[in-house]
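This is what each chain is made of:
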Amino acid sequence: MATIGQLAAGVAHELRNPLGIIRNSTFILHREYKEKDELKMMALNAIDNSVNRASNIIENLLKFTRLTHDGREWINLKKIIIESTGLNKKSLDEHRIVLSIYCENDIKIYMNNESLKHILMNLIQNAIDAMTGNGILQICCFYDKDNVIIQIKDNGIGIEEEKVDKVFEPFYTTKPIGKGTGLGLYIAYSEVQKVNGEIKVESEKNKGT
C-alpha cells in the first residue's frame, strides 16, 4: 500500500505541470477572445471547468496517498466523509448510486487522519461493488454516550449468513476473480482495532448490508 501510495502521489504531482500549462494558456486566450467570440469563450470556459475538476481530484488523491503515521488529531467527521466519497464520485455516477450523508457538522473523532480515510474508502468501495445500479448508499454518524458511531448502509446484493463472519479475514472475498483482493475489509478491521474501536457487519441476502 505504501508503494502504491508513493506511485499515485508521483503521478498526481506530474499531472499538475501540464494542467498548469493548460490553465496559463486559457488565461491568455480568455484575454484575446473576451467578448469577441462567444463560441470560443464557451470552449475556454469548458476547459477551465475541466482543469478545476482535475485539480480537485489531484488534491484529494494527494491527501489520500500521504503515508500513514501514528499521529492522532481531532478530525471533523463530515469533512473527511465528503473527501472520501468525492474520490468515489466517478464510480457512484457510473453505477447511478444515490448518496446520502447524515452527519452533524460538529462531530469530531480523535484518531489518525489517513487511517480513517482508509477505513471509509474500503467500506464505501465495498458498498458500491455490492450494488449493480440505481442503488442507495447511506452514511450516518452520531454520538452514543462517549462513542462516535459511523454506519454505512447499502441496498446491494448482501452477503450469505454463513459468510458474514469471514468477511474480515485476510484474502477472503465474495467478489468474482479479478474484482477484489480480500484485503479491503481486513485493512479496515485492523485500522479500527488500532484505535480500540469496534467494527461489525449486518447483512441480508438480496436486501443489503
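Here the structure is a predicted model, which is why all the values come from computation and not from measurement.

With respect to the pattern of salt bridges
Counting across every chain of the model gives eight salt bridges. A salt bridge links Glu204 to Lys207, with the nearest nitrogen and oxygen atoms 3.5 Å apart. In this structure Lys207 comes out as exposed when scored by relative accessible area, which is 55%. Taken together, the shared-partner salt bridges in this structure form one network comprising Glu83, Glu114 and Lys117.

Looking at the sheet that holds strand S2 (residues 98-102)
Across a sheet, strands are paired by hydrogen bonds formed along the backbone, either parallel or antiparallel in direction. Ordered in space as S2-S4-S5, the three strands form an open sheet in which the pairing is mixed. Edge strands, defined here as strands with exactly one partner in the open sheet, are S2 and strand S5 (147-154). Sheet twist, expressed as the average angle between the axes of neighbouring strands with direction ignored, equals 10 degrees. As judged from the eight bridges shared by strand S4 (residues 136-144) and S5, these two strands associate in the antiparallel manner. Within S5, the position partnered with Phe142 by the bridge is Ile149. Against the sheet, helix H5 (residues 113-129) contacts S4 and S5, and its axis sits at roughly 25 degrees relative to S5.

Here's the deal with the pairing of S4
Pairing of S2 with S4 involves five bridges; the strand directions are parallel. If you follow Tyr102 over to S4, its bridge partner there is Cys140. Between the antiparallel neighbours S4 and S5 lie two residues, among them Lys145 with a positive phi of about 60 degrees.

Brief notes about helix H3 (residues 77-87)
Those residues of H3 that sit buried are Leu77, Ile80, Ile81, Glu83, Ser84 and Thr85. Its side-chain oxygen 3.2 Å from the backbone nitrogen of Lys78, Asn76 forms the N-cap of H3.

Section: the environment of Ala188
As for its placement among the helices and strands, Ala188 is situated in helix H7 (residues 184-194). Its relative accessible area of 0% is what places Ala188 among the buried residues. Spatially, the C-alpha atom of Ala188 lies 7.6 Å from that of Leu123, the residues being 65 residues apart in sequence. Residues in contact with Ala188, not counting those within four places in the same chain, are Ile119, Asn122 and Ile199.

Quick notes on the packing of aromatic side chains
Applying the stated criterion across every chain yields a total of one aromatic pair. Relative to Tyr110, the ring of Trp74 has its centre 5.1 Å away and its plane inclined at 50 degrees; by these criteria the two rings are tilted. Here Tyr110 lies in strand S3 (residues 108-111) and Trp74 lies in strand S1 (residues 73-76), a separation of 36 residues in the sequence. By relative accessible area, which is 45% here, Tyr110 ends up partly exposed.

Rules used in this analysis
Residues numbered from 1 in each chain as written. Predicted model: local features only at pLDDT ≥ 70, side-chain atom pairs only at ≥ 80, totals over all residues. Heavy atoms only, no water. Salt bridge = Lys/Arg side-chain N within 4 Å of Asp/Glu carboxyl O. Buried < 20%, exposed > 50% of the residue type's maximum accessible area, 1.4 Å probe, protein only. Pairing = 2+ DSSP bridges. Helix = DSSP H or I, 4+ residues; strand = E, 2+ residues; numbered from the N terminus. Axes fitted to C-alpha atoms, helices over the stretch in contact; angles between N-to-C directions. Contact = heavy atoms within 4.5 Å. Polar contact = N/O pair within 3.5 Å; in protein donor to acceptor, adjacent residues only side chain to side chain. Phe/Tyr/Trp six-rings, centres within 6.5 Å; stacked < 30°, edge-to-face > 60°.

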